[in-house]
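# Structural overview for review
Spelled out, the chains give:
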Amino acid sequence: MKLNTLNTNLNQFRYLSFKKVRTWYAKLVPPRSIKEPYRHVIQIGDPRLRTVSEGVPLNLITTPEIQLVINQLKVVFKKYKCVGLSATQIGVPIRIFLMEFNEKHATAYSEQERNVMDIKPCPLKVVINPEIKILDYTKLVFPEACESVKGFYADVPRYRSLNLKGLDENGKSFSHDFSGWLARIIQHEMDHLNGITYIDLMDRKTFTCGCWNVINEHGGKVELPYSPD
Ligand SMILES: [Zn+2]
């Protein structure tokens, strides 16, 4: 490249908007080799969210490959501040999900909401090859969101209580009963393992963009990050 050409390019560069510069820069930098398990959550439309995930053979649970998926799932779970996340959502269609509901999560709800929605705490739980049995077929309808349908929420009916059987990250089996919000999280994650997302079950008229009012306040100039970092 000749110097005068470079000067011309620099002059043009000054008049480029930040967005254009970013696009220009992205073309210069080759994309990193991004492989599963991802450090981000895949979005609706990705065919993997429509596949039935494979069970994990008992003798493979403690192998480095499966433990890598579990550890990566924990990293993404924490990064996105999830209450539930399936391996499918980080690009690995195997039957594993994480769930947790801690005091920090609970602060997003008033005491009245916590009572009405039957919100109880649950420490971080790794669930492998889950099986559920519905104990109470009463359906409760509350708003639900999903990291794979970023930015939206809708009312979704879910069964009131269930029994969850599965294996922990060491391959040890467990069986617990859950109700209310925790039963909802489990049904949501089980659905992911079966290629179902909440938009298949929601009351369509309640489907809402979580920042519709902010979009109006900012004249449409709002960007939605698909990764917290
Ligand atoms: Zn989800």
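In this numbering scheme, every chain counts its residues from 1 along its sequence in written order. Only residues with pLDDT of at least 70 are given local features in this predicted model, and only at 80 or more are side-chain atom pairs given and counted; all residues enter the totals for whole chains, interfaces and linings. With hydrogens and water stripped out, all remaining heavy atoms of the structure feed into the side-chain values.

## Considerations on the coordination of the zinc ion
Water is not among the atoms examined, so metal sites may look incomplete; donors are the N, O and S atoms within 2.8 Å of the metal, or within 3.2 Å for Na, K and Ca. Only Cys 146 (SG), His 188 (NE2) and His 192 (NE2) from the protein coordinate the zinc ion, and they sit 2.1 to 2.2 Å from it. For Cys 146, a relative accessible area of 7% puts it in the buried group. Partly exposed describes any residue whose relative accessible area lies between the buried limit of under 20% and the exposed limit of over 50%, with all areas from a 1.4 Å probe on protein chains only and scaled to the type maximum.

## Description of helix H3 (residues 64-79)
Its 16 residues give H3 an end-to-end C-alpha distance of 22 Å, which sits within 8% of 22 Å, the value for a rise of 1.5 Å per residue. Those residues of H3 that sit buried are Ile 66, Gln 67, Val 69, Ile 70, Gln 72, Leu 73, Val 76, Phe 77 and Lys 79. By definition in these notes, contact holds between two residues if any of their heavy atoms fall within 4.5 Å. The helix and strand labels rest on DSSP assignments: H or I over at least four residues marks a helix, E over at least two residues marks a strand, and numbering proceeds from the N terminus. Contacts from the buried residues of H3 go to strand E1 (84-86), strand E2 (96-101) and strand E3 (122-145). Count one or two residues on from H3 and you reach Lys 81, which has phi positive near 55 degrees. Multiply 1.5 Å by the residue count of a helix minus one, and that product is the helix's expected span.

## Examining the pairing of E3
Across five bridges, E2 lies against E3 in antiparallel orientation. By the bridge assignment, Ile 96 is partnered in E3 with Ile 128. At least two DSSP bridges between two strands are required for those strands to pair. Two elements, E3 and strand E4 (residues 152-167), share 13 bridges in a ladder whose sense is antiparallel. Across the sheet, the residue bridging to Ile 132 is Leu 164, located in E4.

## Comments concerning the confidence of the model for the protein chain
Values of pLDDT, the confidence the predictor places in each residue, fall between 0 and 100. With 87% of its residues at a pLDDT of 70 or more, the protein chain has an overall mean of 91. Low pLDDT, under 50, characterises residues 2-11; the stretch is placed with two contacts to residues that sit more than four places away or in other chains.

## Description of the pattern of salt bridges
The rule for a salt bridge is simple: a side-chain nitrogen of Lys or Arg has to be within 4 Å of a carboxyl oxygen of Asp or Glu. Going through the model one piece at a time under the given rule, you end up with eleven salt bridges. The shortest N-O distance in the salt bridge between Glu 36 and Arg 48 comes to 2.7 Å. You can see Glu 36 sitting in the loop between helix H2 (18-28) and H3 and its partner Arg 48 sitting in the loop between H2 and H3, a full twelve residues away along the chain. With relative accessibility at 40%, the residue Glu 36 sits in the partly exposed group. Salt-bridge contacts for Lys 120 lead to Asp 118; the nearest nitrogen and oxygen are separated by 2.9 Å. For Lys 120, a relative accessible area of 36% corresponds to the partly exposed category.

## Concerning the side chain of Gln 67
Summarising the element assignment, Gln 67 is placed in helix H3. A polar atom in the side chain of Gln 67 sits 2.8 Å from the backbone oxygen of Ile 61. Not counting residues within four places of it along the chain, the set of residues in contact with Gln 67 comprises Ile 61, Thr 62 and Glu 169. Throughout this description, a polar contact denotes any pair of N or O atoms lying within 3.5 Å of each other; where both atoms belong to protein, one of them has to be capable of donating a hydrogen while the other can accept it, and for residues adjacent in sequence the pair is counted only when both atoms sit in side chains.

## So, the environment of Ser 148
Turning to its location among the elements, Ser 148 is positioned in the loop between E3 and E4. The class for Ser 148 is buried, based on a relative accessible area of 0%. Between the alpha carbons of Ser 148 and Ile 44 there is a distance of 5.6 Å; along the sequence they are 104 residues apart. Among residues more than four places away in sequence, those in contact with Ser 148 are Val 41, Ile 42, Gln 43, Ile 44, Leu 49 and Gln 89. Within the local environment of Ser 148, its side chain forms a polar contact with the side chain of Gln 89, the two groups lying 2.9 Å apart.

## Description of the side chain of Arg 48
A distance of 2.8 Å separates polar atoms of two side chains, one belonging to Arg 48 and the other to Asp 46. Among all residues touching Arg 48, those that are not within four sequence positions of it are Glu 36, Tyr 38, Ile 42, Thr 88 and Gly 91.

## Things to note about the pairing of E4
Each regular strand shows side chains that alternate between the opposite faces of the sheet. Between E3 and E4, which pair antiparallel and follow one another directly, the connecting turn spans six residues, one of which, Gly 151, has a positive phi of 95 degrees. Looking at chain direction, E4 and strand E5 (residues 173-179) are connected through seven bridges and run antiparallel. By the bridge assignment, Lys 165 is partnered in E5 with Ser 175. The turn joining E4 and E5, which pair antiparallel and follow one another in sequence, is formed by five residues; a positive phi near 90 degrees is taken by Gly 171.

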